[in-house]
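These are the residues of each chain, in order.
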Amino acid sequence: MEGVVESREWYLAAYCPQGLPTSEHLKFRTVTLSIASDSIPDGHVAVESLFISVDPYLRTRFTGTSDGLGFQQFPIDQVITSFSVLRVIGSKDRKHYTEGDLVLVPAAPVAEYSIIPSSEILRKIDAQSGISMPEYIGSLGIPGFAAWIGIEVLGDPKPGSNVFISAASGAVGMNAGQLAKIRGCRVIGSTGSDEKVKLIKEEFGYDDGFNYNEESDFDAALSRHFPDGIDVYLDNVGGKMLEAVLNHVNKCARIPLCGMISQYNKVWTERDGVRNLLNMIGKEVRMEGFLLGTYWHRFGDFAKDMEGYIKEGKLKTKNKLNVGIESFLDSLSSLFSSSNIGKVVVQVKA
Ligand SMILES: NC(=O)c1ccc[n+]([C@@H]2O[C@H](COP(=O)([O-])OP(=O)(O)OC[C@H]3O[C@@H](n4cnc5c(N)ncnc54)[C@H](OP(=O)(O)O)[C@@H]3O)[C@@H](O)[C@H]2O)c1
């Protein structure tokens, strides 16, 4: 492809310290971009977006402060970025990439077209591999990797361990539950509706689950589901659920802190406190926050495991495809209104 293209993109117009970001904060615009060969610098590629990942952490990059997950804030007036599957349409790194290559990029512009350094490409993907492009975004992308780090690396449950996973029907949760089942654990999930509880049991193999919106007392719900206590809790929501879990932990339980989505839209003084951290001492509990950025060196091991499980039919994937780059903001909002199921992906073209 040669010449000039019109490219639609999402950019940050204003920070949003609390509440859900709206079209006041994230705006859509059309820019003109030259993708002619002489406009591509050496060591760069011109790319078109095919599938864009929509992840909760992106919201923490619009607050204007660096507390919490610690991600760099997106600069005002600049295009935002996300994990994406892209097609190379022009290359000035021909040794490694040529037109037509499909590539995964962890922080690609949320734009129809762009020019990026080829060093930002994580890996090429094979369209004939039997794995779909949305699967490369979901179970083989950020949420699958987070689930794998949380269960395989940090949680490390033994066969028969009691494992609890919150936000169980979401992108991380569906993968984490299945990975724990593959390890022979008893796995219980919490999620936001009866329909989602049914889904995690019937499609993702969870042993049981509960709808946290129907439980007035999380402590009582956990007593019911974990008569023998909790060995591993993969925390995706934080707040009151994390507090309740600490009343049910077994000796040497592990709590990988993957995310705390119930707290992302609040300034820190409004966030929930966890009053019973004391329980961690007597039970010698290990609670550990993690970010994928620290584990990129394990991405190859993860991808090998997950590709194998998907191809062998041991791990099911579920994606919610929203068509058109204009759907990005609504797609992001759906993560906070619980209206999503599975991995939310923007499919740039129909
Ligand atoms: N550490 C890392 O490197 C890393 C990487 C990826 C993701 N994460 C974290 O993992 C978690 C899940 O991410 P994901 O991509 O898999 O998202 P997701 O689960 O697909 O979507 C978010 C889900 O969170 C639940 N939720 C929203 N607001 C909530 C609230 N106030 N209280 C309880 N649950 C709430 C909703 O499900 P319900 O229907 O169940 O309410 C929603 O579907 C997030 O906290 C995310 O930040 C961390």
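Residues numbered from 1 in each chain as written. Predicted model: local features only at pLDDT ≥ 70, side-chain atom pairs only at ≥ 80, totals over all residues.

Helix and strand counts for the protein chain stand at nine helices and 15 strands. By the compact-globule yardstick of 20 Å for 350 residues, the protein chain fits well, its C-alpha radius of gyration being 21 Å. Counting only C-alpha atoms, the protein chain reaches 65 × 45 × 35 Å along its principal axes. The 350 residues of the protein chain split such that 44% are buried. Residue pairs at least 24 apart in sequence account for 67% of intrachain contacts in the protein chain once pairs closer than 6 positions are excluded. (Helix = DSSP H or I, 4+ residues; strand = E, 2+ residues; numbered from the N terminus. Rg over C-alpha atoms; globule rule 2.2 N^0.38 Å. Buried ≥ 20, exposed ≤ 12 C-beta atoms within 10 Å, placed from the backbone. Contact = placed C-beta atoms within 7 Å.)

Around the ligand there are 30 residues in total, and Ala146, Gly170, Ala171, Gly192 and Gly259 lie nearest to it. Contributions of two or more residues to the shell around the ligand are made by helix H2 (142-155), helix H3 (171-182) and helix H9 (328-337). Looking at the shell around the ligand, you find at least three residues from each of domain 1 (4-138 + 318-347) and domain 2 (142-293). (Near = placed C-beta within 6 Å. Domains from an automatic or database assignment.)

Sheet topology note: the strand E4 (residues 81-91)/strand E5 (residues 102-109) ladder contains six bridges and is antiparallel. Each bridged residue has a counterpart across the sheet, and for serine 84 the counterpart in E5 is valine 105. Relative to strand E7 (residues 123-125), E5 runs antiparallel, the two being bridged by three bridges. Bridging from a neighbouring strand, leucine 104 pairs with arginine 123 of E7. (Pairing = 2+ DSSP bridges.)

To continue, consider the domain arrangement of the protein chain. By domain assignment, the protein chain separates into domain 1 (4-138 + 318-347) and domain 2 (142-293). On a C-alpha basis, the centres of domain 1 and domain 2 stand 29 Å from each other. Listed as interface residues are 19 residues of domain 1 and, on the opposing side, 18 residues of domain 2.

A few words on the sheet that holds strand E11 (residues 230-234). Taken in spatial order, the six strands line up as E10-E9-E8-E11-E12-E13 in an open sheet, and their pairing is parallel. Pairing within the sheet leaves two strands with one partner each, and these edge strands are strand E10 (208-211) and strand E13 (286-289). Recorded for the sheet is a direction-independent mean angle of 15° between the axes of neighbouring strands. With two bridges joining them, E11 and strand E12 (residues 249-257) adopt parallel strand pairing. The partner of isoleucine 230 across the bridge, within E12, is valine 249. This element, H3, spans strand E8 (162-165), strand E9 (186-191) and E11 of the sheet and lies at about 165° to E9. On top of the sheet, helix H4 (residues 194-202) reaches E9 and E10; it is set at about 170° to E10, its chief contact. (Axes fitted to C-alpha atoms, helices over the stretch in contact; angles between N-to-C directions.)

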